[in-house]
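Next come the chains, spelled out residue by residue.
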Amino acid sequence: MHRFTALLLLVLPVAGVFAGGAAWVMVPGGSFRSALKYEDGGIARIAKFEMRKRPVTNAEFLAFVQTHPQWRRDRVATVFADARYLSQWPSSTRLADDDQAAQPVVDVSWFAAQAYCQAQGARLPTWREWEYVAAADETRRDARKDPAWRERILGWYARPSSGPLPRAGLQAPDAYGVQDMHGLVWEWTDDFSSLLVSGDNRVQGDADKMKFCGAGALSMDDRENYAVLMRVAMLSSLEARDTTNSLGFRCAKDLP
Amino acid sequence: MKSATCRHALILVAALATAALGGCSASREDASPTATAPPETGGSLKGDFGPPQGPEIKAVLTDPPMVPPPTGRHAPAKVVVELDVVEKEMPISEGVTYTFWTFGGTVPGKFIRVRQGDTVVFHLRNMPDSKMPHNIDLHGVTGPGGGAASSFTAPGHVSRFTFKALNAGLFVYHCATAPVGMHIANGMYGLILIEPPEGLPPVDHEYYVMQGDFYTTGKYREKGHQPFDMQKAIDENPTYVLFNGSEGALTGDKALTAKVGESVRLYVGNGGPNLVSSFHVIGEIFDKVWLEGGTRFQENVQTTLIPSGGAAIMQFHLEVPGSYVLVDHSIFRAFNKGALAILKADGPENKAIYSGKEVDAMYLGDRAAPNLAAVATAATANQAGTLTQEDQAKAGQALFAGTCSTCHQPNGEGMAGVFPPLAKSSTLAENPKRIIEIMMHGLNGPVTVNGKEYNSTMPAQTQLTDDEIANIGTYVLNSWGNPGGRITKEEVTEARKAPPPADAATGQH
């Protein structure tokens, strides 16, 4: 019996990190006040959905490019990914070591992330879904009113990005059972291109006219929520073919 | 003694026939006049142009952001000003209301414009439904209290007093009834422009903007009606810092407007009650600033300081279209307390002056890939059976940074009252090995660390492997004045067999 437990423990973390069948978490629906100022009012209805427990790892993404070689860095169409795409790998089909395998994949374009999720029968989460889950801490589904929650997230921003990325799933799961929403990498969302925070955040409420067309945010409703603000500012600086050293993704799925 | 020294120095300087005056401040008479120095206006001494002439004139008063037209007069006149004091609830931000006390129903109050030498007959009317008595202190008045004592007016009363406007300039007026700070904090201020006899040079647009700081019991943007918070006011810790009394008073549809090729003059006051403004227009340079609202102008200014209870006039010419943002460049006030306004300039682009974004290309930079060498080294050494305590602590440090540090902080100090410290921890000193159990099962309920009680939940770190717990534990025990020692993977594996302790977090995972 003891031996069996030990064996299970030994296998579990490895399975969690490398398994092709990634762990999914059911996120119950609910209503939610976004920190962004939406045209249709602040309260969003979130339908229940599934979200990946962790960001996609290098190992998982490597498995994808091996079965979908058009997404290899040496074969990808330049309109779908910039020259930095997957440049952290020693070659287009090989990872440096086990540590890299367990790290979240970064330097992926939105197109590539989207293709990955599609191949899993999934999609990228919407911004509202992402923000809904990211409002949680380990014990509460909406911890945003707690200054300690904000401090913890700001602590991540304050840390230099020169160090190595920890493995995906190193942090404790939140109240939904999802890990690494904060403190690891930025993440693509399906509708990132409609997050239109002005490049100059001082121009609140008077952004250029072209920026009013999107379905997304006009400005922030909750300005103390720096955590969200910085995510949005980051995403709104990008185009779908762009990649950065700290931007990864996870997938989501509709539930019937 | 000090003045004697100064005089002595002055005589010396004069004897040397030089204009440079060392360290002591000299009166105007003492300073050697040079040919380039502009003549004095003479101030109030030369501001009386005799008795009022012509018919009595009723002053045109305007609501912000508008400014009354120039007086256009060349002789002193008798000017009647009638100002109502109105206490009213108005929005201070979207979905937030505040009970303002106002001069004329707006914050700031009505703009008053007269000419130097005018005789101003001032009627202050306090509305019958006011709760408070009010008065007015105009900084443009020569006389004790600036009119305050003569204008003290009970609800449902009207007071009258008369003054001669002897000094030209842009002046703040405000209520001076006790408690003065509260009356000002509630919005009781405005501007009076006393034009110099020759008037001011013509411009295309004149606008009226006034900064004020506001103190509400609720937080910034907390919805509903918000009462005044006296303690925050005393602490000089405003909830809002605003232009023209409400967030959004000068943005969106209410933005100031002008066209490319036009010149704009801003009359900007600062009502306070507490803050000094670092007034700046993003994307513009003031061609002229009449500092402190006085007679002389400085040229080519980026940011101008406007004291509480002070004002400044600034002028600029618009070359390029777009949104220009007025801010208090104490910049958190602009973004987190509301101190911003927009001036929208329409007109043709001028790429020779400003191109807009020309290039957005990828920049690869110098990429030295960081890696988890310490963790890898520890893993390899573990397999080879050569793992040392140092290997473990180094690996643990990298792991700690990626997980524990978000609560316990990179230096192990924790967060006061919320997350207990790991540095010099009394809990770890008592029983170093307990760190295994705490990581594995979490910790729920009150705990006393280093003499302070903490009562929160640390979840069970179920995501950590036995290796990771051993390495993190070893790192923590050997850091920040903790007792040292080593946690092995085998110890962790063994500990998993024990039942969770009573204070384990009841994790849902």
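Here, every reference points to the structure presented above.
Computed from a predicted model, the values in this text were never measured in an experiment.

A. Expanded view of the overall build of chain A. Looking only at helices and strands, chain A features seven helices and nine strands. In chain A, the proportion of contacts linking residues at least 24 apart, taken out of those at least 6 apart, comes to 74%. Total accessible area on chain A stands at roughly 11000 Å², and carbon and sulfur atoms take up 56% of it.

B. Seen up close, helix 9 (residues 434-441) of chain B. Residue and element names in this part refer to chain B. A large share of helix 9 lies buried, amounting to six of its eight residues. Among all positions of helix 9, only Ile 435, Ile 436, Ile 438, Met 439, Met 440 and His 441 are buried. Those residues of helix 9 hidden inside the fold are in contact with helix 8 (426-430), strand 22 (443-449), strand 23 (452-458), helix 10 (466-477) and helix 11 (489-495). One or two positions beyond helix 9, positive phi appears at Gly 442, with a value near 75°.

C. Representation of helix 6 (residues 389-402) of chain B within the structure. Spanning 14 residues, helix 6 of chain B covers 20 Å between terminal C-alpha atoms, matching the ideal 20 Å at 1.5 Å per step. Residues of helix 6 of chain B that are buried make contact with helix 5 (373-384), helix 7 (405-408) and helix 10 of chain B.

D. The arrangement of the sheet that holds strand 10 (residues 205-214) of chain B in detail. All names here are of chain B. Across the sheet, six strands lie side by side as 12-10-14-19-16-17; this open sheet has mixed pairing. Looking at strand neighbours, the two that pair on one side only are strand 12 (240-243) and strand 17 (298-301), the edges of this open sheet. The mean angle between the axes of side-by-side strands here comes to 25°, regardless of whether they run parallel or antiparallel. Pairing between strand 14 (residues 263-272) and strand 19 (residues 310-317): eight bridges, direction antiparallel. Pairing of Leu 266 across the sheet is with Met 314, part of strand 19.

E. Main features of the packing of aromatic side chains. Evaluation of the coordinates by the stated rule reveals 30 aromatic pairs over all chains. Seen from their ring centres, Phe 111 of chain B and Tyr 208 of chain B are 4.8 Å apart, and the 80° between their planes marks the pair as edge-to-face. Taken together, the residues span a long stretch of sequence, with Phe 111 of chain B in the loop between strand 3 (96-103) and strand 4 (112-115) and Tyr 208 of chain B in strand 10 at a distance of 97 residues. Residue Phe 111 of chain B shares its accessibility class with Tyr 208 of chain B, and that shared class is buried. When the centroid spacing of 5.4 Å and the interplanar angle of 70° are considered together, the rings of Trp 290 of chain B and Phe 297 of chain B count as edge-to-face. Of the residues examined, Phe 297 of chain B reaches a relative accessible area of 39% and is grouped as partly exposed. Taken together, the ring pairs in this structure connect Trp 71, Phe 80, Trp 110, Phe 111, Trp 188 and Phe 192 of chain A into an aromatic cluster. We note Lys 253 of chain A situated over the ring of Trp 24 of chain A; from NZ or CZ to the ring centre the distance is 4.3 Å. The ring of Phe 297 of chain B is capped by Lys 288 of chain B, whose NZ or CZ atom sits 4.7 Å from the centre of that ring.

About the criteria used
- Every chain's residues receive numbers from 1 upward, in the order its sequence appears when written.
- Whichever chain is written first becomes A and whichever ligand is written first becomes 1, with later ones labelled in order.
- This being a predicted model, a pLDDT of at least 70 is required before a residue's local features are given, and a value of 80 or more before pairs of side-chain atoms are given or counted; all residues contribute to the totals for chains, interfaces and linings.
- Side-chain measures were taken over the full set of non-hydrogen atoms in the model, leaving aside hydrogen atoms and water.
- Counting from the N terminus, the helices are the DSSP runs of H or I reaching at least four residues and the strands are the DSSP runs of E reaching at least two.
- For this analysis, residues touch if any pair of their heavy atoms sits within 4.5 Å.
- Method for areas: the Shrake-Rupley scheme with a 1.4 Å probe, in which residue coverage is limited to the protein chains shown.
- Burial here depends on accessible area, computed with a 1.4 Å probe over protein chains only, as a share of the maximum for the residue type. Under 20% is buried, over 50% is exposed, and the range in between is partly exposed.
- To estimate how far a helix should extend, the number of its residues minus one is multiplied by 1.5 Å.
- For two strands to pair, DSSP has to find at least two bridges joining them.
- In this description, a line fitted to the C-alpha atoms serves as the axis of each element, helices being fitted only across the stretch in contact, and the angle between N-to-C directions of two axes falls anywhere from 0 to 180 degrees.
- Side-chain rings of Phe, Tyr and Trp, where Trp is taken by its six-membered ring, are said to pair if the distance between their centres is within 6.5 Å; with planes under 30 degrees apart they count as stacked, over 60 as edge-to-face, and otherwise as tilted.
- In this scheme, the term charge over a ring applies when either NZ of a lysine or CZ of an arginine sits within 6 Å of the ring centre and within 35 degrees of the ring normal.

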